[in-house]
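Residues per chain, in single letters:
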Amino acid sequence: MSNKRAKRPVRVANCSGYHGDPAYEMYRQTTLGDVDFITGDYLAEVNLANNAEAWRAGKHPGYEETAWEGIQQTIGVIAEKGIKVVINGGALDPKALALKVQGLVRERNLNLRVAYLSGDDVYDRVGPNMPTTKEELQHLDSDNSSAAPAALTYAFLRGTADGKPIPMVSAHAYLGARGIVHGLRNGADIILCGRVADASPVIAASWFWHDWAETDYDELAGALIAGHLIECSAYVTGGNFSGFDRYNLDDLIEPGFPIAEIDADGTCIITKHPGTKGMVTVDTVLCQFLYELQGTVYLNSDVNAYIGNVAVEEVEKDRIRVSGIKGTAPPPTTKLAVFYQGGYQAEILLNATGYATSKKWDLLEKQIRYFLPDSVQKELETLEFQRIGTPSSNPTSQASSTTYLRIFIASRSPHAVGAVGLALRNISLKHFSGFHSTLDMRTAIPRPFLAYYPALIAQADLDERINLLNDDNTITSIETGHPPAYAPLQPRENYDPPSISPEGPDYKTLFDGLTKRVKLGDVVLARSGDKGGNLNVGFFVPSSLPSSFTIETDTQRRLREKQQGLGLWLRHYLTTSRMRDLLGTDWRDEYFIERVEFPAIGAVHFVIYGILGRGVSSSSRLDGLGKGVADWLRDVVVEVPVPLLE
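Report on the accompanying structure. (Residues numbered from 1 in each chain as written. Predicted model: local features only at pLDDT ≥ 70, side-chain atom pairs only at ≥ 80, totals over all residues. Heavy atoms only, no water.)

## Remarks on the sheet that holds strand β24 (residues 592-598)
Moving on, step 1. Ordered in space as β22-β23-β25-β24, the four strands form an open sheet in which the pairing is antiparallel. Of all strands in the sheet, those with a lone pairing partner are β22 (525-531) and β24, marking the two edges. Pairs of neighbouring strands in the sheet enclose a mean axial angle of 15 degrees, with direction left out of account.
Moving on, step 2. Relative to strand β25 (residues 603-609), β24 runs antiparallel, the two sharing seven bridges. In the sheet register, F592 faces β25, and the bridge partner there is Y609. (Pairing = 2+ DSSP bridges. Helix = DSSP H or I, 4+ residues; strand = E, 2+ residues; numbered from the N terminus. Axes fitted to C-alpha atoms, helices over the stretch in contact; angles between N-to-C directions.)

## Things to note about empty space enclosed by the protein
Rolling a probe over the atoms, with the probe sized like a water molecule, indicates the empty space that remains.
Moving on, step 1. Evaluated as defined, the whole model comprises four cavities of 30 Å³ or more.
Moving on, step 2. For the largest cavity, the calculated volume is near 80 Å³.
Moving on, step 3. What lines the largest cavity is simply L175, G176, R178, S301, D302, Q459, L462, E464, G481, H482 and P483.
Moving on, step 4. A class-by-class count of the residues in the lining of the largest cavity yields three nonpolar, five polar and three charged. (1 Å grid on protein atoms, 1.4 Å probe; cavity = no way out; pocket = protein on both sides within 12 Å on 5 of 7 lines; lining within 4 Å. Points joined across faces, edges and corners; volume = space filled by probe spheres on them. Nonpolar A, V, L, I, M, F, W, Y, C, P; charged D, E, K, R; others polar.)

## Some details on the state of the cysteines
Moving on, step 1. Applying the stated criterion across every chain, the model contains zero disulfides.
Moving on, step 2. Not part of a disulfide, C15 finds its nearest cysteine sulfur in C193, a span of 12 Å.
Moving on, step 3. Residue classification places C193 among the buried positions, given a relative accessible area of 0%. (Disulfide = S-S within 2.5 Å. Buried < 20%, exposed > 50% of the residue type's maximum accessible area, 1.4 Å probe, protein only.)

## A word on the nonpolar core
Nonpolar side chains tend to gather and get buried jointly when the protein is soluble and globular.
Moving on, step 1. In terms of nonpolar packing, the biggest core is built from 90 residues, with I225, I262, I270, F289 and F598 touching the most fellow members.
Moving on, step 2. With nine residues, helix α8 (residues 217-230) is the single largest residue contributor to this core.
Moving on, step 3. With 31 residues, the next largest nonpolar core counts W569, L570, I593 and V604 among its residues. (Core = buried A, V, L, I, M, F, W, Y, C linked by side-chain atoms within 4.5 Å.)

## A look at the environment of S619
Moving on, step 1. Assignment of secondary structure puts S619 in the loop between β25 and α17 (629-634).
Moving on, step 2. Put simply, S619 and Q398 are 221 residues apart on the chain and 31 Å apart in space, counted from C-alpha to C-alpha.
Moving on, step 3. Look past the residues within four positions of S619 in its chain and what remains in contact with it is F408, L612 and G624.
Moving on, step 4. Here the side chain of S619 touches L612 through a polar contact of 3.2 Å, landing on its backbone oxygen. (Contact = heavy atoms within 4.5 Å. Polar contact = N/O pair within 3.5 Å; in protein donor to acceptor, adjacent residues only side chain to side chain.)

## Observations regarding helix α2 (residues 47-56)
Moving on, step 1. Of the positions making up α2, those classed as buried are N47, L48, A49, N51 and A52.
Moving on, step 2. Where the residues of α2 are buried, they touch β5 (168-173), β14 (333-353) and β18 (447-458).
Moving on, step 3. Taken from the residues just after α2, G58 is the one with a positive phi, measuring 75 degrees.

## With respect to the environment of I608
Moving on, step 1. By the secondary structure assignment, I608 is in strand β25.
Moving on, step 2. Spatially, the C-alpha atoms of I608 and E594 are 6.6 Å apart, while their sequence positions differ by 14 residues.

## Comments concerning the packing of aromatic side chains
Moving on, step 1. Per the counting criterion, the structure on display carries 16 aromatic pairs.
Moving on, step 2. Between W587 and Y591, the ring centres sit 5.6 Å apart and the planes meet at 85 degrees, which makes this aromatic pair edge-to-face.
Moving on, step 3. W587 sits in the buried class, given a relative accessible area of 17%.
Moving on, step 4. Note on Y591: relative accessible area 14%, which makes it buried. (Phe/Tyr/Trp six-rings, centres within 6.5 Å; stacked < 30°, edge-to-face > 60°.)

Shown next, in the form of structure tokens:
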């Protein structure tokens, strides 16, 4: 295919949002309809670190197995249809996966050129140990003076017990799309990447197809958001969708994976193959749009996307248009995901049934602390007694009356972690009435864990290269350079809504009339997730009508007005202080909240700094990735004006 002749939108189909997505989804995306590109995101933050030490020791192939399996199943269709493939399943060793794919190409006698991207792995430069000062490796949020880092953010500065630096496990910079574009322009058909940013393959496909310049920032920004919308596979087609309960559950068992049709101006339509399950609606797109944001500016190595005026509208069934994105030059730095040996952790799960449960857990916590020597308690970085669940007020079964206590322990010392489990032996038959536990106590055994440190690295310091495999077994390596200009990072927006005048036409309806107590989720959809140690959560009023109708009936007009009224109420109800109240006993004064609005889609978005601790595998929270927070907050009862509920 020739990008010079391309005038129509490019069709980019995503086949993976995580290495656990089935390999056959790549085959389905290529065979269920016509597409131009297959992209796939196989990496979560901790993927690379989980296998890094084994890979360096020669005990792991370095790439994601589902990526290799998908290519094996699909490579014949790729060659036949002329589809180009860009995935980050190369993980730790994209070269190794490229060589495997090259061997497959030769075995099948296919006319495909394979390439791999390098330059994201900077372990040899910033490792092999963690720094001994904060200044050596700048934290990702260091530019935000309002957000104090969580207590254990710099735990590695303490060093080991004998005063040595903490060993680093992996360090990977998030690369942009420019290296991939270089590969496509030099004839590559399949490009295997390591840690590129989640949306980079989609940006690259659009950039190449439409032959954009590297300063076409509005267009690049639009492609960035298109990539953001489809990189989590089924998350935009019905998976992880807070409005799922309004649909037939049979339609949500296996949602089809998404496709982005990106036009020359950067606007896109999100869709899926006809006949597949799930759905693409304004609401599913908004849920994914609000996922893992950091406010109204979406940062990427190639472009800053300004998303505050995003517009989302239905074109027809399962076809949603996204527009209103603007772009500027990218920041001078990019994200650097660093993992290190965090020490040891364990959890103990204990049950309590029925009467006086709260007092039972009070007693148990006192007993464990009593039987832990002071020397051990000083070595513990984390000792939390988390009470999970609430007994039914009038139980109809033992299960409905039972809750559990999750004791979470972390320390540099395995002895200190194990001592908490041993303290239970001292309690023995001194326990509260009705004490019982799971038969499987393996989780109480101290296990090593990887701690996460999100950092910054200058883009100009990266040596990014696209490497094209040749027929004569040589490799052509091309430097991909750096962005032509940078835009300095600006303070993130953070504001509460302006007050509504009591004389205004909306005041009485929204704030001066009768209210009814309903669950927030009865009127609002939401999505939440993690960005390291920070939590983001966005709320919006669900769409009551398709936006594609041409003649508005009285009923449709009233529904539209109600939706607009709820949006206005939501904007003024969900203030920063209200969010602190909604978080209840989970709120800590050391956390910091940023709040912004998206007027065109009626959404309110929050970032809560520090609530996930060190984040990822280091978090002590039961929901360490924050994915359940939105649904918890939607279950909270709030006061909503009665006219908006009629």
